[in-house]
Amino acid sequence: MPLLLRCLALVCLLATNAALAQLTIEIVGGGATAIPIAIVPFRGQEGYPLSLTSVIGADLERSGRLRLIDPGGVNPRPARPEEVRFGDWTSRGADAVVVGSVGPQADGRVEVRFALLDVIKQTQLAGFTYAVLPTQLRATAHRIADVIYEKLTGDVGVFSTRIAYIAKQGSRFQLDVADADGFNPQTVVTSNEPLLSPVWSPDGTRIAYVSLENKKPVIYVQSLATGGRQVIANFRGSNSAPAWSPDSSKLAVTLSKDGGSQLYVINADGSGVQRLTNSAGIDTEANFAPDGRSILFTSDRGGSPQIYRLTLASGAIERMTYEGTYNVSPRHLPDGKGFVFVRRDGGVFNIALEDFATRQVQVLTQGTLDESPSVAPNGKLVLYASNTGGRGILAAVSSDGRVKQRLTAAAIDVREPAWGPLAK
Amino acid sequence: MNKSLFAALLALCVVACQSTPPKEEGAPVEDRTPSTGTAGATTSGTTSGGVAGTATRGGNPLKDPGSVLSKRTVYFDFDSYVVKDEYKPLIEAHARYLQANRGTRMSVQGNADERGSREYNIALGRRRADAVKKMMMLYGAGEVKIETVSFGKEKPRVEGHDEGAWAQNRRDEIIYVGID
């Protein structure tokens with residue numbers, strides 16, 4: 001059968017070939033109440049190809065919650081807590097200061113030490129020593145940024161997490177995974193047919209996605225460790241919109257095997273398919289609540305696409321959006337208190353956030369064709385697809401709408417972002 | 001990024017842009033005004049009337065630009081899967097052809113414009129394809145002869161970011177399996 005042959009030829013796995021789609025992050029707006037912090041270049045880091053404090057500073061600044069104070073002119077530069085003269089930093093307006101050092105160990109590993117000090121209270125907030133391989137310096141910088149962010153804001157840092165997205169180069173599609181700051185892109189799968197809807201398993205080991213390589217939508221699950229992949233749903237008609245259950249054991253999917261597009265749940269190995277909804281219209285884009293007890297989804301059962309909530313135990317269905325005639329792509333906030341979604345208003349499509357308790361809707365973005373929101377695992381940032389000059393780009397907005405960033409890759413169309421879970 | 005890689009990328013992009021298929025000539029841009037029943041470009045071939053449904057010695061009517069059967073596209077309004085009246089003669093002609101010609105099989109491929117959710121558009125394209133299939137069956141085509149598929153907004157016919165492009169991308173394409 002020629003179709004099968006074509007499919008075999010189309011897909012190849014590139015486990016080692018780093019993707020060309022390196023993302024560059026540009027901060028478009030910042031928060032007004034950012035905490036001022038000085039990061040003193042770590043003693044000895046000039047002997048290594050990577051400037052740890054540059055990576056840490058970029059992470060913290062990108063969050064919009066911290067603001068960098070120039071440490072220049074302080075001499076000698078402190079590297080240990082006992083070397084810090086707090087007067088140097090109060091005069092510069094810093095509320096916190098970070099010092100540290102990098103140096104070789106006898107076993108070939110690198111020792112990274114750092115301390116975070118509260119300038120106002122003149123106390124140490126955190127201090128760690130890491131022994132890492134030279135290849136792990138960037139990851140170590142992200143880990144340090146996570147510690148600093150958590151101590152100063154009270155929220156979990158997401159600088160050590162990864163993101164997935166679809167890059168389109170000419171007629172070639174690839175599913176890439178990169179660090180949250182866009183570095184270290186790796187291609188997970190390439191295809192000459194469209195790829196869409198990547199979603200991370202909550203345990204971070206697998207990505208489910210939809211590929212049209214079979215000349216129709218089919219759902220695959222791919223292991224990030226082995227690159228091995230499995231067809232999860234390839235029934236008659238469309239197989240689409242995968243969403244993981246919080247325990248990574250099941251997926252909610254949209255199948256059209258019994259007629260219209262309806263929601264089903266299926267085991268992560270493709271077995272045990274069960275129907276969830278029964279409507280005459282379109283039901284799609286399921287997204288599990290963090291507690292796994294309910295599902296948000298998009299349906300046109302009321303005449304226009306709106307967001308509904310299905311309570312799994314009772315089967316009860318409740319409409320969640322009323323404003324406007326196009327509300328789609330719901331994704332829960334990790335604390336379960338609300339959801340982000342795409343709404344159309346006045347001909348433009350934007351990302352909005354609805355609070356479950358108050359039912360208040362806040363529009364977060366100002367693009368014209370914003371879509372595919374994905375919430376950071378700390379709930380503080382929403383990554384989404386936007387475009388500029390007709391080209392697809394990724395953008396991020398803080399969940400209060402104040403901080404905005406753009407992630408672009410030179411000459412490449414980037415879309416369908418998916419934020420990975422916190423590193424376990 | 002390494003400069004040579006970047007250059008290679010640029011080159012790739014340029015090649016890709018050049019290889020974009022040209023606009024389909026004469027493809028009808030959607031008529032936003034209510035249909036008055038007058039056939040547009042897509043249905044001008046219906047004058048061949050009752051004989052449209054059978055292959056004639058003169059050639060394959062599927063390829064004859066004068067035959068309604070050469071028209072293979074049904075266009076839709078935004079976020080709609082309602083088949084507009086102006087496409088009924090076209091769908092009827094294809095249904096008759098399927099009925100009259102043993103062994104022919106058809107794929108109806110539903111598509112959406114670039115706006116909004118990719119996944120909702122997959123479902124919408126599905127609905128659009130199913131809507132045309134159902135109408136073909138009403139006109140007597142056998143269900144087993146028609147398969148439907150949705151590409152959502154993943155396979156635009158026209159690259160572009162305005163209503164002119166969107167109108168041409170909100171479409172069903174009728175493909176004869178093994179012939180087209």
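Each chain carries its own residue numbering, running from 1 in the direction its sequence is written. Written order decides the labels, with chains lettered from A and ligands numbered from 1. Local features in a predicted model are, by the rule used here, given only for residues with pLDDT of at least 70; side-chain atom pairs are given and counted only at 80 or more, and totals for whole chains, interfaces and linings are based on all residues. Calculation of side-chain values draws on the structure's entire complement of heavy atoms; hydrogens and water are dropped beforehand.

All names here are of chain B. pLDDT is a per-residue confidence score from the predictor, ranging from 0 to 100. On average, residues of chain B score 78 in pLDDT, and 68% of them reach the 70 mark or higher. Scored below 50 in pLDDT, residues 1-57 makes 67 contacts in the model with residues more than four places away or belonging to other chains. This prediction of the complex comes with two scores: 0.86 for pTM and 0.91 for ipTM. The contact definition used throughout considers only heavy atoms, calling two residues in contact when any of these lie within 4.5 Å.

Let's shift gears to the packing of aromatic side chains. Side-chain rings of Phe, Tyr and Trp, where Trp is taken by its six-membered ring, are said to pair if the distance between their centres is within 6.5 Å; with planes under 30 degrees apart they count as stacked, over 60 as edge-to-face, and otherwise as tilted. Taken as a whole and assessed by the stated rule, the structure comprises 14 aromatic pairs over all chains. Ring centres of Tyr149 of chain A and Phe159 of chain A lie 5.5 Å apart, and the angle between their planes is 90 degrees; this geometry places the pair in the edge-to-face category. Here Tyr149 of chain A, found in helix H4 (residues 137-153), pairs with Phe159 of chain A, found in the loop between H4 and strand S7 (162-169); they are ten residues apart in sequence, far enough to count as distant. Residue burial is assigned from relative accessible area. The probe radius is 1.4 Å, only protein chains are included, and a residue is buried under 20% of its type maximum, exposed over 50%, and partly exposed in between. Accessibility expressed as a relative area gives 6% for Phe159 of chain A, which makes it buried. Measuring from centroid to centroid gives 6.4 Å for Phe349 of chain A and Phe78 of chain B, while their planes differ by 70 degrees, and the two rings are edge-to-face. With Phe349 of chain A in strand S24 (residues 348-355) and Phe78 of chain B in the loop between strand S1 (73-75) and helix H2 (88-100), this pair bridges two chains. Of the two residues, Phe349 of chain A and Phe78 of chain B, neither departs from the other in class, the shared state being buried. Taken together, the aromatic side chains of Tyr326 and Phe349 of chain A together with Phe78 and Tyr120 of chain B make up a single cluster linked through ring pairs. Helix and strand assignments come from DSSP, with helices taken as H or I runs of at least 4 residues and strands as E runs of at least 2, each series counted from the N terminus.

All names here are of chain A. Cis rather than trans, the peptide bond between Asn75 and Pro76 has omega equal to -5 degrees. With respect to the helices and strands, Pro76 occurs in the loop between strand S3 (66-69) and helix H3 (86-90). For Lys215, which is not a glycine, the phi torsion comes out positive at approximately 65 degrees. Looking at the element boundaries, Lys215 is found in the loop between strand S11 (206-211) and strand S12 (218-223). By relative accessible area, Lys215 is classed as partly exposed at 26%.

The subject of this paragraph is the sheet that holds strand S22 (residues 327-332) of chain A. Hydrogen bonds between backbone groups are what pair the strands of a sheet, and the pairing can be parallel or antiparallel. Residues and elements named next belong to chain A. Strand pairing is assigned whenever DSSP identifies at least 2 bridges connecting the two strands. The strand order across the open sheet built from four strands is S22-S23-S24-S25, with neighbouring strands paired in antiparallel fashion. The open sheet terminates on both sides in strands that have one partner only, identified here as S22 and strand S25 (361-363). Averaged over all pairs of adjacent strands, the angle between their axes in this sheet comes to 30 degrees, without regard to strand direction. As paired elements, strand S23 (residues 338-345) and S24 share eight bridges and run antiparallel to each other. Looking across to S24, one finds that Phe339 is bridged to Glu354. To obtain each axis, a line is fitted to C-alpha atoms, and for helices this fit is confined to the stretch in contact; angles are then taken between N-to-C directions over 0 to 180 degrees.

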